[in-house]
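# Report on the structure
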There are 2 protein chains.
Amino acid sequence: MRIAVLAGGVGGARFLRGLREAFPAAEVSVIGNTADDITLYGLRVCPDLDTVMYTLGGGVHEDQGWGRADETFAVQEELAAYAVQPQWFRLGDRDIATHVVRTQMLDAGYPLSAVTEALCARWKPGVRLLPMSDERVETHVVVDDPDAEGGRRAVHFQEYWVRMHAQPSAYAIVAVGAEQSRPAPGVVEALTSADVVLLPPSNPVVSIGTILAVPGIAAALREAAAPVVGVSPIVAGAPVRGYADKVLAAIGVESSAAAVAVHYGAREHGGLLDGWLVDTRDDAQVAAVRDAGITCRAVPLLMTDVATAAALARDAVDLASGLRR
Amino acid sequence: MRIAVLAGGVGGARFLRGLREAFPAAEVSVIGNTADDITLYGLRVCPDLDTVMYTLGGGVHEDQGWGRADETFAVQEELAAYAVQPQWFRLGDRDIATHVVRTQMLDAGYPLSAVTEALCARWKPGVRLLPMSDERVETHVVVDDPDAEGGRRAVHFQEYWVRMHAQPSAYAIVAVGAEQSRPAPGVVEALTSADVVLLPPSNPVVSIGTILAVPGIAAALREAAAPVVGVSPIVAGAPVRGYADKVLAAIGVESSAAAVAVHYGAREHGGLLDGWLVDTRDDAQVAAVRDAGITCRAVPLLMTDVATAAALARDAVDLASGLRR
C-alpha cells in the first residue's frame, strides 16, 4: 500500500508515527510544510520537516512534541550574551547541528529535498520525507502595528506564532513566494501514485494550506486516483494544539470540525476531501459534513501515545478503503 | 604608554594577560594572526583571535589555554552522528556561538576587523584586538603524500597541527594569499605610533611569521620609532608549547633561543629586533644573540600564572625602555 500524507509539525508527526506503527509495510511519502522555515543567525531552520524527522527517527522531545530529547542551550545562551537578535526563538544545541548541516549543504548548492534526504539518512524515519517545494515559500501574517504605515504590518509566521503567541488578530495569511514555487521532485508523483492520501490533523491554514498553495499540489490531490481522507485538527470547537482558531478566523472559517471540512470541500464538488474524521465529541457535526458531500465518521482523535495515534491512522485508512473510486 | 603586540594563540594571549596586569594604564594594540583561520561546517573559526579574546575576557579554558571554560560538545557530537567531516577538529558549543555570530556578520559584508570589534564589545579584553588583515591569508603546510602527484601535498595548517599533530616533516610553510593581502585598518598605525613593540613567545613561523608576511607590516616594524623586543618561544632547545620545532625546521632554523633571534635579525642590520629575552636556562646563548646586534637578557620565561606572565611583560618593557632610540 502506498500512502501519501501532507504534514505540518507536531500533529502531522504524531499521526505519522501512528501510521507507521499501524501499517509497517506501507510505503509512506510525506509532503512536509516548509512555509514555517526561517533563517536564524544565518542558520536555515525547517521546523516542520525536523519535527517529522525527529519524531519518526526517535530523537524528538516527547513531552514537547518538537525539538530534541536531552536538549541543551549553550549556544543560545552565548548568542544572548553577544546580544544577538532575535532571542524569542530558542535553538537547542543538538537541533543546531541539524541546521548547520542543512545550511552548509544549501550554501553548497544542494536543493532542500536533497538536504532533507541526507539528514534522513541518519534518522531513518521509515517514510520518504519530501519538502513541499525546493523554492522558498514563507508564511507572513498581517497584524496591527500603530507605528506602521496604514496601521498594519506583515510579520514572519514564527514571529506571530512564537513571539506573539498568536495573540494579535491576524488580518491575512500570505504564503509569500508560493505562486512562483514548484512542487519538489517526487511530490506530485507521490500523490498521483498513492493508494490512499491522508491529511493528518495539521493546521488547515499555515500547514496544509501552505502546502496546497504550491501550484500543482492541490490539482494533483483533486486528480489523484486514491481517496483523500482528512482528520479534523479541531476538537470540540478548539484546536488540539497551537492556534489554528486564530488563523482560521483570518480566512473567515469557523473553528469547528465541520467548518474545516467544508473549507477543504468535497472532491465530488471540486474540493479536496472524500472522507473526514471528527472526534466522538463532535458527533453532532457528522451530518453537516455529510451534507457537504464528504463521507464522515466520529472516532477518538486525541493521540495521547503511539497506540492511540495508530488507532486513528487505522480509522483513517479504513475510511479511505471504503471510498475507493 | 602605547604598546603594540604581534600575537599568535596561547603564548601570545598569556603574555598579553601579564602585560595588562603589569601595565593596566597602557594602551595596548594587539595584531593577531589570522592565517590559522579555518571554515568548518560553514562556520568561520579564528582560533588565535578567539584565544586572545577569551583569555583576556575571562572566558578561556584555563588548563587548556584555548577554547571556552565550562565547554560542552553537543553540537559536535551531533555533527559526528550526521557523519559530517572533518571530525578531527572539535568545536565546543559555547565556542560555536562565537563562530555563528562571526559567520553571520562576515556574510552580511562586515570585514573581519569590524566583526572582531563587535565580538570584543562583549568580552572587553582591555586591549584593541586587530586581525593582521581583513583579507584571507591561510597557512598551508607541504607534507609527504605517496598518493599525490610528486609525492607531496599541501594541507591546511589546522590539519597539520590538529589532525597530524605536526608529526610528518614539513617541507614548506606557505602563507597562501599573503602577497595579495593588506594590513587591517589600524595595524600599521598601531606599530608606527607605539612607544614599545613586543613580540610575545608566539610561533616565529606560523604566528609571527604569517603576520609579518602581510605586506607593509614588517616594513612598519622596521621603521617604527619604538624599540622592538621579543621573547623566545624556545626554552632549553624545545618549544614551550606546540610544535615550533617542526615548522622552524621547515624554514631551516634551528630550535634554539638564539637561532630564532638571528632569524628575526637585528634592526640595526635591517632586521626586526632591538631586544630579545631568553630563559635563564639559555643564559649561554645570550652572547650569540648580542653578537648578532641584538640586546639580550636571560630572565624566567615560563608563564605559569598571571603573576609570572606579568613579571615577564615587565622584563620585556624594561628591556625596551633601555633601548629607546
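Anything mentioned here points back to the structure above.
Below you will find a few notes about this structure. (Residues numbered from 1 in each chain as written. Chains lettered and ligands numbered in written order. Predicted model: local features only at pLDDT ≥ 70, side-chain atom pairs only at ≥ 80, totals over all residues.)

Okay, the overall build of chain A next. When helices and strands are tallied, chain A shows 13 helices and 14 strands. The globule rule puts the C-alpha radius of gyration for 325 residues at 20 Å, and the 19 Å found for chain A is close to it. The dimensions of chain A, computed from C-alpha atoms along their principal axes, are 60 × 50 × 35 Å. A burial count over chain A gives 54% of its 325 residues as buried. Within chain A, contacts between residues at least 6 apart in sequence are counted, and of these 68% link residues at least 24 apart. (Helix = DSSP H or I, 4+ residues; strand = E, 2+ residues; numbered from the N terminus. Rg over C-alpha atoms; globule rule 2.2 N^0.38 Å. Buried ≥ 20, exposed ≤ 12 C-beta atoms within 10 Å, placed from the backbone. Contact = placed C-beta atoms within 7 Å.)

Attention shifts here to the relation of the copies chain B and chain A. Under the fitted operation, chain B is carried onto chain A by 0.0 Å of movement along the axis and a turn of 180°, and the coordinates agree to an RMSD of 0.0 Å. Here the two chains are linked by the operation of a two-fold rotation axis. No C-alpha of chain B lies nearer the rotation axis than that of D93(B), which sits 3.5 Å from it. (Least-squares fit on C-alpha atoms with pLDDT ≥ 70 in both.)

This next bit is on the interface of chain B and chain A. Contacts between the two partners involve 20 residues from chain B and, on the opposite side, 20 residues from chain A. If you list the elements that add at least two residues to the side of chain B that touches chain A, you get α3 (74-81) and α4 (93-107) of chain B. By residue number, the principal contributor to the side of chain B that touches chain A is α4(B), which donates nine residues. Here the residues of the side of chain B that touches chain A sort into 11 nonpolar, four polar and five charged. (Nonpolar A, V, L, I, M, F, W, Y, C, P; charged D, E, K, R; others polar.)

With that out of the way, let us pick up the packing of helix α3 (residues 74-81) of chain A against α4(B). Direction vectors running N to C along α3(A) and α4(B) enclose 50°, while the axes themselves pass 8 Å from each other. One finds that α3(A) runs oblique with respect to α4(B). In terms of crossing hand, the pair formed by α3(A) and α4(B) is right-handed. Residue-level contacts link A74(A), V75(A), E78(A) and L79(A) of α3(A) to D93(B), R94(B), I96(B), A97(B), V100(B) and V101(B) of α4(B). Residue classes in the contact of α3(A) with α4(B) are distributed as seven nonpolar, no polar and three charged. (Axes fitted to C-alpha atoms, helices over the stretch in contact; angles between N-to-C directions. Parallel < 35°, antiparallel > 145°, perpendicular 65-115°, else oblique. Left-handed = near helix turned anticlockwise from the far one by under 90°.)

Further remarks concern helix α11 (residues 257-264) of chain B. Every α-helix carries 3.6 residues per turn, so stepping three or four residues along brings you back to the same face. Residue and element names in this part refer to chain B. When you tally the buried positions in α11, you get six out of eight residues, the bulk of the element. On its buried side, α11 packs onto β10 (228-231), β11 (234-235), β13 (275-279) and α12 (286-291). Positive backbone phi, at 85°, marks G265, one or two positions downstream of α11.

Take the environment of S256(A) next. All names here are of chain A. You can see S256 is positioned in the loop between α10 (244-250) and α11 (257-264). On the basis of neighbour count, S256 is assigned to the buried category, with 21 C-beta atoms found within 10 Å. When neighbours within four sequence positions are excluded, S256 is seen to be in contact with I234, G237 and Q285.

Residue and element names in this part refer to chain A. If you trace the seven strands from one edge of the open sheet to the other, you get β5-β2-β1-β9-β10-β13-β14, paired in parallel fashion. The sheet is open, and its two edges are formed by β5 (128-131) and β14 (295-299), each paired on a single side. Pairs of neighbouring strands in the sheet enclose a mean axial angle of 20°, with direction left out of account. Packed onto the sheet, helix α1 (residues 10-22) meets β1 (2-7), β2 (27-32) and β10 (228-231) and runs at close to 165° relative to β1. (Pairing = 2+ DSSP bridges.)

Turning to unusual backbone geometry, a few remarks are in order. In this chain, Q85(A) is followed by P86(A) through a cis amide linkage whose omega measures -5°. Secondary-structure assignment places P86(A) in the loop between α3 and α4 (93-107). We note that K124(B) has phi near 45°; this positive angle belongs to a residue other than glycine. Examined against the element boundaries, K124(B) turns out to sit in the loop between α5 (112-123) and β5 (128-131). Its 11 C-beta neighbours within 10 Å are what place K124(B) among the exposed residues. Despite not being glycine, A236(B) has its phi angle at roughly 55°, a positive value. Along the chain, A236(B) turns up in the loop between β11 and β12 (238-239).

Residue and element names in this part refer to chain B. Taken in spatial order, the three strands of this open sheet run β7-β6-β8, and their pairing is antiparallel. Each of the sheet's edge strands pairs with one partner strand only, and the pair in question is β7 (152-156) and β8 (172-176). Neighbour-to-neighbour, the strand axes of the sheet open up by a mean angle of 30°, direction not taken into account. For strand β6 (residues 138-144) and β8, the ladder comprises five bridges, and the chain directions are antiparallel. Paired with T139 across the two strands is A175, which belongs to β8.

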